[in-house]
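# Observations on the three-dimensional arrangement
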Amino acid sequence: MVASLLHEALVELFQRNPRLAPLVAAAGGLALPAYDEVHLHPGELTELVPVGYRADAVVLLTTRGKARHALLVEVQLGDDGDKRFSWPLYQAATRARHRCPATLCVLALEPDVGRWCAEPIDTGQPDSPFVPLVLGAGAVPLVRDPTADPHLATLSALAHGNEPGGHEVVLAALGAAERLGGDEGAMLQQIIWASLGEAARRALEAMMDYEKVKAISPFYREGLERGQREGKAEGLREGEARGKAAALVAVLAARGLEVDGETRARIEGCVDVARLDRWLARALRAASAREALDDDAPAPDDAPA
């Protein structure tokens, strides 16, 4: 995903749903006061300084209309020396504007970037270095429920979608975005898909083909069309088996598990759909391709039906 697009996508999530800010900040260790409401405020910080500065998102926590705490959310994808000078200004200007404590929260999903962001900033004030609150991927909840808030689910997919087991998070986020519907739901789905690396995307394609839209598989479609032409149930079963075999090979390859010639031949030669179901379910967690095809292994709890 292009860095500028990812930056804008993450900023958009916090602007559309400002409740993400206190949720992630609290998960990152920030003690917040009790509050009733959450408001998004303009990010421009020009009231108190002559030069125009703009934070990615400013979220104000209030109780009965009174400001309790301000959260400045900055999305950081790389090193930027200028931020060492502007970030303390952001915090000071926001604190002065709203007359309440203010915390600069930097969302840095990459560990190397997070370490750079967490370095204390020497402002020249004795004994008082400025240290941003860095929120890494670990501060973003793992969301596996497609009925969850679509913006939170999308943020979770952007943070965890490329991790081992991230397919569950991505599928939940795609489901939540589909439930939201409309242009916004479609936009979230595009953001999620664009954020995936090649391996995660290939694995997801395989699982979506298997679980959601089997008809997108050329192997399955070929068998289905042949079965319809010939009017024989054997054609349909063969097409389903070929589609599942292709999905199994794709999942194993996407997980970085070696598929040698003997194993590939065994998979592609299997016409038992139930057995392919068991192999594919094991492939999501197996340590090797041979382990996934071990018929003596216990069936996984989440084996496909």
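Anyway, here's the lowdown on the structure attached to this text. (Residues numbered from 1 in each chain as written. Predicted model: local features only at pLDDT ≥ 70, side-chain atom pairs only at ≥ 80, totals over all residues. Heavy atoms only, no water.)

Axis separation between helix 2 (residues 20-27) and helix 5 (residues 150-160) bottoms out at 11 Å; the angle between their running directions is 45°. By the angle class used here, helix 2 and helix 5 are oblique. Where helix 2 crosses over helix 5, the two elements pack in a sense that is right-handed. Along the contact surface, helix 2 presents Leu20, Leu23 and Val24, while helix 5 presents His151, Leu152 and Leu155. Of the residues in the contact of helix 2 with helix 5, the class split is 5 nonpolar, 1 polar and no charged. (Axes fitted to C-alpha atoms, helices over the stretch in contact; angles between N-to-C directions. Helix = DSSP H or I, 4+ residues; strand = E, 2+ residues; numbered from the N terminus. Parallel < 35°, antiparallel > 145°, perpendicular 65-115°, else oblique. Left-handed = near helix turned anticlockwise from the far one by under 90°. Contact = heavy atoms within 4.5 Å. Nonpolar A, V, L, I, M, F, W, Y, C, P; charged D, E, K, R; others polar.)

Scanning the model with the defined rule gives 1 aromatic pair in all. Above the ring of Trp116, the side-chain terminus of Arg84 is found at 5.3 Å from the ring centroid. (Phe/Tyr/Trp six-rings, centres within 6.5 Å; stacked < 30°, edge-to-face > 60°. Lys NZ or Arg CZ within 6 Å of the ring centre and 35° of its normal.)

Residues Leu10, Phe14, Leu71, Leu107 and Leu155 are the most contacted members of the largest nonpolar core, which totals 47 residues. Excluding residues that lie within four positions of it along the chain, Leu71 makes contacts with Ala21, Pro22, Ala25, Leu30, Leu32, Ala57, Val58, Val59, Leu61, Thr103 and Cys105. Residues Leu248, Val251, Cys270 and Leu293 belong to the second largest nonpolar core, which totals 20 residues. (Core = buried A, V, L, I, M, F, W, Y, C linked by side-chain atoms within 4.5 Å. Buried < 20%, exposed > 50% of the residue type's maximum accessible area, 1.4 Å probe, protein only.)

Right, let's get into the pattern of salt bridges. Using the criterion set out here, one finds 8 salt bridges in the structure. One salt bridge connects Glu184 with Arg16, and the closest N-O pair in it is separated by 3.3 Å. Note that Glu184 is positioned in helix 7 (residues 182-195) and Arg16 in helix 1 (residues 3-16), a separation of 168 residues in sequence. You can call Glu184 partly exposed: its relative accessible area is 23%. The class for Arg16 is partly exposed, based on a relative accessible area of 40%. Salt-bridge contacts for Glu74 lead to Lys83; the nearest nitrogen and oxygen are separated by 3.2 Å. Overall, Lys83 belongs to the buried group, its relative accessible area being 15%. (Salt bridge = Lys/Arg side-chain N within 4 Å of Asp/Glu carboxyl O.)

By the secondary structure assignment, Leu107 is in strand 4 (residues 102-107). Given a relative accessible area of 2%, Leu107 falls into the buried group. In this structure the C-alpha to C-alpha distance between Leu107 and Val11, which are 96 residues apart in sequence, comes to 9.8 Å.

Turning next to the sheet that holds strand 3 (residues 66-75). Spatially, 1-2-3-4-5 is the arrangement adopted by the 5 strands of the open sheet, whose pairing is mixed. This sheet does not close on itself; its edge strands, each paired only once, are strand 1 (37-41) and strand 5 (133-135). The average undirected angle you get between the axes of adjacent strands in this sheet is 30°. Looking at chain direction, strand 1 and strand 2 (residues 57-63) are connected through 5 bridges and run antiparallel. Within strand 2, the residue paired with Val38 across the bridge is Leu61. Its contacts with the sheet put helix 2 on strand 1, strand 2, strand 3, strand 4 and strand 5, and the angle it makes with strand 3 is roughly 80°. (Pairing = 2+ DSSP bridges.)

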